[in-house]
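# Breakdown of the fold
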Amino acid sequence: MLRVAVVGSGPSGVYTAQALVQQSLVPDVRVDVLDRLPTPYGLVRYGVAPDHEKIKSLQNNLRTVLEDEHIGFIGNIEVGATGPGPAQLLELYHAVVYCVGAARDRRLGVPGEDLPGSCSATDFVSWYSAHPDAAAEDFALGGARSAVVIGVGNVAVDVTRILARGAAELLPTDVPHAALDALAQSGVREVHMVGRRGPSQAKFTTKELRELGGLPDAAVSVEPSDLGLDPGYADPSGLPAVNRRNVDVVRGWAAGPSAPDAAGERSRRIHLRFFLRPVELLEGDGRVAAVRFERTVPDGSGGVRGTGTYEEIEAQLVLRAVGYRGVPLEGLPFDTARGTVPHEAGRVLRDGVRSPGEYVAGWIKRGPTGVIGTNRPCAKETVTSLLADAAELSTRRLAGEPLEVLRELGHRPVEWPGWEAIEEAEAALGRSLGRRSVKIADWAGLLEAAAGVESAPKEPAA
Ligand code: NAP
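Residues numbered from 1 in each chain as written. Predicted model: local features only at pLDDT ≥ 70, side-chain atom pairs only at ≥ 80, totals over all residues. Heavy atoms only, no water.

The next thing to look at is the sheet that holds strand β12 (residues 287-298). Across the sheet, which stays open at both edges, the three strands sit in the order β11-β12-β13 with antiparallel pairing between neighbours. Only two strands of the sheet have a single neighbouring strand rather than two, namely β11 (276-284) and β13 (304-314). Each strand of the sheet is rotated relative to its neighbour by a mean of 25°, with strand direction disregarded. With eight bridges joining them, β12 and β13 adopt antiparallel strand pairing. Bridge pairing in β13 links Val297 to Arg305. (Pairing = 2+ DSSP bridges. Helix = DSSP H or I, 4+ residues; strand = E, 2+ residues; numbered from the N terminus. Axes fitted to C-alpha atoms, helices over the stretch in contact; angles between N-to-C directions.)

As structure tokens, then:
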């Protein structure tokens, strides 16, 4: 038998587990999918926006995989920190595939970045997604009129859309109740989403961008003087399809009625801005009050250069949506510049040499890019490498039954029935609030719900 641990139960981890059990080269495979959280699905549960129901429903596909008889879910185990490290995992499994994603936000590196009221979009996303590590705050939405979102990728679009929606629009989703209350009290009426390059170079995808124009209570405006700077906007014919379609959408908004007319009776406005790079967050009354941007122009080679002209945009809330970055996992090699684990077709490299039995897939392998589906071919490549090594790996004697060893070490793994109990508790919480299933937003609540069915620790093997 080949025993494999997959660390991380987000899409890349689940697709890796699926590829392992669906192949026929090595018939007897047993996969444990470990997660730091007591809940599976990673960013599908804690990153995909609550109003993106179709993408959220991917959880059903991931569930089917995790319910496979050859796959076990072991939640509440933090590999490399409070839990077993890479060396210990290799005593328990013939192979370990790290699918731990990119857990941190990137920073801007400008003065004022840490002022109260300035946060990473990932913190904001974690908060409205009920991540148990999210701070129980309300982002002072009640006192904010104007928000600036820095970056023009899909995360920027997500947080802009959530800020521009009325709370009533989010009521049918699984947004935690505290976040829903805070969004209901939100005073934010202007949301500025700002890119340092032009619309033809923005990272968002067209479907996501277009959605901003379809919000029931928000109007979108663009600034003509920003658009004229972009050669790709003036002549999109040579652009890749996605950028060309993005330009088409922006053009449509530019040709529409001006912002005040478009806004009409609508409560909120989304201002799409380009060729502005943040240089400082300005303070007022101990909090962020505005963002100072420098006007940029294309440098002729895909980037931009500053012009020495500045513009300030009022903001009581600033969300930095400038990308994720991977974090090192203790005991695994890490390429700090790329924020990934060095690898060759998914095989982990230690000092440039293949480390037997250790693999990576997903964002920790290739960096934080691509949509959920991108993880499928990525996982397949890694699994192909692993299977090619399987004959050699499976001869190694293992130290014991992983779950038993983990319990002996004092861990409290949450298995699949524990997760199902969390799901039931979330459905019950939703019913009690007159809503659909509502996520439990704290560690204690999640573990308490899971403990209802947590299997009793097994007797250590004689
Ligand atoms: P992203 O796509 O890499 O976008 C990051 C944005 O931040 C870019 O506009 C980038 O501009 C800008 N930026 C970076 N550093 C900056 C700086 N110092 N100052 C100003 N702007 C800066 O990252 P993301 O939005 O976090 O998304 C990560 C991945 O998740 C992407 O693959 C995305 O498609 C995916 N995702 C998908 C969905 C969905 O499908 N609905 C939802 C959320 C996330 P430059 O281009 O100039 O560097």
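Now that the structure is up, let's keep going.
Counting buried positions along strand β10 (residues 268-273) yields five of six residues, so the element is predominantly enclosed. As paired strands, strand β8 (residues 190-194) and β10 are joined by five bridges and run parallel to one another. Within the sheet, the bridge partner assigned to Val194 lies in β10 and is Arg273. Note: strand β9 (residues 218-222) against β10, five bridges, orientation parallel. Bridge pairing links Val220 to Ile270 in β10. (Buried < 20%, exposed > 50% of the residue type's maximum accessible area, 1.4 Å probe, protein only.)

This paragraph deals with unusual backbone geometry. Leaving glycine out, the prevailing phi sign among residues is negative, and the prevailing peptide bond configuration is trans. Phi is positive for Phe139, close to 55°, though the residue is something other than glycine. Positive phi values are uncommon outside glycine, yet Ala140 reaches one of about 50°. For Ala140, the position within the fold is in the loop between α6 (121-128) and β7 (146-150). A residue is classified by how much of its surface remains accessible, and Ala140, at 29% relative accessible area, is partly exposed.

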